[in-house]
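So you can see what is in the structure, the chains are spelled out below.
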Amino acid sequence: MEWDLPVKERWFCSWCYAWTEQGQDPREVSRPQYQPVYGRWERAESPELPEETAHAYDVAYAYPDSGATLCGIRHDSLSVSPYLWVPEWPNACEACKECAAVIDQRWPLELRDGKRINPTPPPGSDWPPF
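The sections below set out a description of the structure shown in this document. Note that this is a predicted model, so its numbers are computed, not measured. (Residues numbered from 1 in each chain as written. Predicted model: local features only at pLDDT ≥ 70, side-chain atom pairs only at ≥ 80, totals over all residues. Heavy atoms only, no water.)

**Section: the pattern of salt bridges**
For clarity, the threshold we go by: The salt bridge criterion pairs a side-chain nitrogen of Lys or Arg with a carboxyl oxygen of Asp or Glu, the two atoms within 4 Å. Only DSSP runs of H or I covering at least 4 residues are called helices, and only runs of E covering at least 2 are called strands; the numbering of each starts at the N terminus. For every residue, the accessible area obtained with a 1.4 Å probe (protein chains only) is divided by the maximum for its type, and the residue is called buried under 20%, exposed over 50%, and partly exposed between those limits.
Counted by the stated rule, this structure contains two salt bridges. Close ionic contact of arginine 40 with aspartate 104 constitutes a salt bridge, the shortest N to O distance being 2.8 Å. With arginine 40 in helix 1 (residues 37-40) and aspartate 104 in helix 2 (residues 94-106), this residue pair connects regions lying 64 residues apart in the sequence. In this structure aspartate 104 comes out as buried when scored by relative accessible area, which is 13%. In this structure, the salt-bridge partner of glutamate 94 is lysine 97, at a minimum N-O distance of 2.9 Å. Placement of the pair is glutamate 94 and lysine 97 together in helix 2, with a separation of three residues, close to one helical turn. Judged by relative accessible area, which is 23%, lysine 97 ranks as partly exposed.

Structure, rendered in structure tokens:
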């Protein structure tokens, strides 16, 4: 599918965790919409993390060469897993939950529920409007 086009640049807001991507054509910009806390983070994995506690992978560190959890644990071996981190589960890290709640509160209410402002894709663009 054309959705798998390479990304030329990615901007990431470390305050509210919103991100914007620019495709190979500089006029093509995508801005994914707001996602609630339970669907926004993947679980962090590392042999150095305790198995009994599920930590959220901090996407602010996903693009540099280091990894971290939302609660601040950093290891070279830390990576994102293919599984969602679910804060409602009993083994979810309490500090990660607190951080996720703070970040979630930073998204303006008027930009949730599909209301994030996006530029119109140029005519003939293969990218869908977001």
